[in-house]
Structure formats: C-alpha cells, structure tokens
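A look at the structure
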Amino acid sequence: RAANVVRQGYELNHPLQVVPADGGQGHLPQAASFVKLDASHVVLDTLKPSEDKQGVVIRLFESVGGRERVKLHFMAVPKLAQVTNLLEEPMESIDIVGNFVELDMLPYEVKTIKLIL
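Because the structure is a prediction, the values reported are computed rather than measured.

Turning our attention to the overall build of the chain. Per the secondary structure count, the chain includes 1 helix and 8 strands. Here the chain has a C-alpha radius of gyration of 15 Å; the compact-globule value for 117 residues is 13 Å, and the two agree. In terms of its C-alpha atoms, the chain occupies a principal-axis envelope of roughly 45 × 35 × 25 Å. A total of 117 residues make up the chain; the buried ones form 32% of that total. Pairs at least 24 residues apart make up 66% of the contacts formed inside the chain by residues separated by at least 6 positions. For the chain, the accessible area works out to roughly 8100 Å², and carbon and sulfur atoms hold 53% of it. Charged side chains in the chain number 12 positive and 15 negative. The centres of these two groups are separated by 2 Å.

Across the two faces of strand S1 (residues 35-38) the burial differs, with Val-35 and Leu-37 buried and Lys-36 and Asp-38 not buried at all. Pairing of S1 with strand S4 (residues 68-74) involves 4 bridges; the strand directions are antiparallel. Across the sheet, residue Lys-36 finds its bridge partner in S4, namely His-73.

Here we take up the packing of aromatic side chains. All chains considered together, the criterion is met by 0 aromatic pairs. Sitting above the plane of the Phe-100 ring, Lys-71 keeps its charged end 4.0 Å from the centroid.

Our next topic: the side chain of Glu-68. Relative to the assigned elements, Glu-68 resides in strand S4. Among the polar contacts listed, one links the side chain of Glu-68 to the backbone nitrogen of His-41, at a separation of 2.9 Å. If we ignore the near neighbours within four places in the chain, the residues touching Glu-68 are Ala-39, Ser-40, His-41, Val-42, Leu-103, Asp-104 and Met-105.

To continue, consider the sheet that holds S1. Pairing within the open sheet is antiparallel, and its 3 strands lie in the order S1-S4-S7. Since the sheet does not close on itself, it has two edges, and those belong to S1 and strand S7 (100-105), each with one partner. Between one strand axis and the next, the sheet turns by 20° as a mean value, whatever way the strands run. Pairing of S4 with S7, which is carried by 6 bridges, proceeds in the antiparallel orientation. Each residue of the ladder has a partner; that of Arg-69, found in S7, is Asp-104.

Procedures and definitions
Here the residue index of a chain counts from 1 through its sequence in written order. In keeping with the predicted nature of the model, local features appear solely for residues at pLDDT of at least 70, side-chain atom pairs appear and are counted solely at 80 or more, and the whole-chain, interface and lining totals rest on all residues. Just so you know, side-chain values use all the structure's heavy atoms and leave hydrogens and water out. Strands here mean DSSP runs of E at least two residues long; helices mean DSSP runs of H or I at least four residues long; both are numbered from the N terminus. When we talk radius of gyration, it's over C-alpha atoms, and the globule rule is simply 2.2 Å times the number of residues to the 0.38. Only protein chains enter the accessibility calculation, which uses a 1.4 Å probe; a residue whose area is less than 20% of its type maximum is buried, one above 50% is exposed, and one in between is partly exposed. In what follows, residue pairs with any heavy atoms lying within 4.5 Å of each other are defined as contacts. In these tables, accessible area is a Shrake-Rupley quantity obtained with a 1.4 Å probe, and a residue counts as shielded only by the protein chains included in the view. Asp and Glu count as negative and Lys and Arg as positive, but His and the ends of the chain are not part of the count. Lysine's charge is taken at NZ, arginine's at CZ, aspartate's at CG and glutamate's at CD. Two strands make a pair as long as DSSP finds a minimum of two bridges between them. To pair, rings of Phe, Tyr and Trp, with the six-membered ring standing in for Trp, must have centres within 6.5 Å; the planes then decide the type, stacked if under 30 degrees apart, edge-to-face if over 60, and tilted in the middle. Two conditions define a charge located above a ring, namely a distance within 6 Å from the ring centre to NZ of Lys or CZ of Arg, and an angle within 35 degrees of the ring normal. Each polar contact in these results corresponds to two N or O atoms within 3.5 Å; when the atoms are within protein, one needs to be able to donate a hydrogen and the other to accept it, and residues that are neighboring in sequence are counted only if both atoms are side-chain atoms. Lines fitted to C-alpha atoms define the axes, with helix axes restricted to the stretch in contact, and inter-axis angles between N-to-C directions lie between 0 and 180 degrees.

Laid out in structure tokens, this is it:
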C-alpha cells in the first residue's frame with residue numbers, strides 16, 4: 001500500500017493530455033489545477049462534461065481495499081456537488097466547504113461526483 005503502485009501505474013500509462021487553446025480575456029495564475037485530489041489510495045479516473053451538459057463529472061475509485069477520507073480541492077467554488085450513480089442520476093448532495101468537498105470511500109468503491117460550476 002505504501003508504494004501507491006496502482007496510482008503510479010495510472011500516472012505512467014495514462015499521462016495527462018494537454019490541449020492548447022488561444023488566450024481569452026481575464027487573468028489566470030501561472031499554474032493551476034481544476035481539481036486536486038488529497039488522498040493516498042484513491043484514484044481520479046475520469047474528468048468529463050456531464051451527459052446533460054450542465055456540469056462536470058469526476059469519477060474516483062479506491063484502489064487498495066481500504067477506507068479513506070478524500071478531499072477534493074477545486075480552482076473555482078462549485079455551486080452544487082452531488083454523488084450520482086453511473087448514469088449520473090443524483091443520489092445525495094455533498095457539502096461544499098470553501099472550495100473543497102470531502103468524501104468517505106469504502107474498499108474498492110467507485111464514486112461519481114457531479115459538479116455544477
């Protein structure tokens with residue numbers, strides 16, 4: 001568990017894909033992340049637009065068979081955060097504290113989170 005083999009395997013086999021874009025109006029910091037995961041054994045597997053085009057979906061999974069409290073930090077404060085099923089149907093609301101949310105993950109659990117920004 002301490003070696004984080006699953007996470008390191010994902011990072012090696014699924015490198016971050018950067019898509020260049022033309023500059024727009026406004027100011028952004030020199031470096032930033034849309035979402036930062038604070039967890040030891042939970043992997044952020046998916047980040048995509050929601051099927052209804054109303055938000056963003058994040059899919060996480062616990063990778064070593066343990067329990068863990070996860071903290072997701074966001075660049076912008078979400079208006080709404082919900083746990084959904086795999087079809088992105090709402091199941092429960094998540095409390096937003098500042099620009100982060102916290103979740104409890106069970107062994108090998110997959111969680112889908114929908115954010116409205």
